[in-house]
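Observations on the model geometry
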Amino acid sequence: VRGGGRGSQATVCAAVRDSDWPKRGKLLTFTTVHNLPPDFNVAKLNLGIVELENGMRITGQLKIPAPKMGMAVTGKVEIVREADYSKNYGIVFYPA
């Protein structure tokens, strides 16, 4: 995972996209970001820190309507932001 610079979120490199990383975990904490740069094309974004099955902790987007700390989640690598000619991949978590 690498930082995308000022005003952007961390993105996933090709090595992680193609690897077999643990996809299930537990939501430790979360927040909602309301003031995003205009190119995000969304009004708000839910982000969470998840402890994966192997104990590693990772930050990702939450596609969960009402997240709750401690809930089981499963993650996927998806396009999280698109610009004119680029696609940024990130971890997106869903209810397990």
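Going by the structure above, here's the rest.
Residues numbered from 1 in each chain as written. Predicted model: local features only at pLDDT ≥ 70, side-chain atom pairs only at ≥ 80, totals over all residues. Heavy atoms only, no water.

With that out of the way, let us pick up the pattern of salt bridges. Oppositely charged side chains can form a pair if their charged atoms are brought close together. Enumeration over the complete set of coordinates arrives at two salt bridges. Glu51 serves as the salt-bridge partner of Arg57, at 3.9 Å between the closest nitrogen and oxygen. With relative accessibility at 24%, the residue Glu51 sits in the partly exposed group. (Salt bridge = Lys/Arg side-chain N within 4 Å of Asp/Glu carboxyl O. Buried < 20%, exposed > 50% of the residue type's maximum accessible area, 1.4 Å probe, protein only.)

In this section: the nonpolar core. Counting residues in hydrophobic clusters, the biggest one holds ten residues: Trp21, Leu27, Val50, Leu52, Ile58, Leu62, Ile64, Val73, Ile91 and Phe93. If you list the elements that add at least two residues to this core, you get β2 (45-52), β3 (57-62) and β5 (87-95). The contact partners of Val73, leaving out residues within four places of it in the chain, are Lys23, Arg24, Gly25, Lys26, Leu27, Val50, Ile64, Phe93, Tyr94, Pro95 and Ala96. (Core = buried A, V, L, I, M, F, W, Y, C linked by side-chain atoms within 4.5 Å. Helix = DSSP H or I, 4+ residues; strand = E, 2+ residues; numbered from the N terminus. Contact = heavy atoms within 4.5 Å.)

Glancing now at the layout of surface pockets. Summary: where empty space remains is shown by rolling a probe the size of a single water molecule over the atoms. Quantified by volume, the largest pocket comes out at close to 270 Å³. Lining the largest pocket we find 14 residues, and of these Phe40, Val42, Leu45, Gln61 and Val80 sit closest to its centre. For the lining of the largest pocket, the element with the highest residue contribution is strand β4 (residues 72-82), accounting for four residues. (1 Å grid on protein atoms, 1.4 Å probe; cavity = no way out; pocket = protein on both sides within 12 Å on 5 of 7 lines; lining within 4 Å. Points joined across faces, edges and corners; volume = space filled by probe spheres on them.)

Now for the environment of Thr74. Mapping Thr74 onto the fold places it in strand β4. Taking the C-alpha atoms as reference points, Thr74 and Leu52, 22 residues apart in sequence, are found 8.9 Å from one another. Contact partners of Thr74, with chain neighbours within four places excluded, come to Lys23, Arg24, Val92, Phe93, Tyr94, Pro95 and Ala96. Within polar-contact distance, the side chain of Thr74 engages the backbone oxygen of Lys23 at 3.4 Å. (Polar contact = N/O pair within 3.5 Å; in protein donor to acceptor, adjacent residues only side chain to side chain.)

Right, let's talk about the pairing of strand β1 (residues 24-33) for a bit. Walk down a regular strand and you will see the side chains alternate between the two sheet faces. Pairing analysis gives three bridges linking β1 to β4, with the strands arranged antiparallel. Looking at the pairing, Lys26 lines up with Ala72 of β4. As paired elements, β1 and β2 share eight bridges and run antiparallel to each other. In the sheet register, Thr31 faces β2, and the bridge partner there is Leu47. (Pairing = 2+ DSSP bridges.)

The subject of this paragraph is the sheet that holds β2. Within the closed barrel, the five strands sit side by side as β1-β2-β3-β5-β4. Their pairing is mixed. Going from strand to strand, the sheet's axes swing by 45 degrees on average, the running direction of each strand aside. Pairing between β4 and β5: nine bridges, direction antiparallel. When the sheet's bridge partners are listed, Gly75 is paired in β5 with Phe93. (Axes fitted to C-alpha atoms, helices over the stretch in contact; angles between N-to-C directions.)

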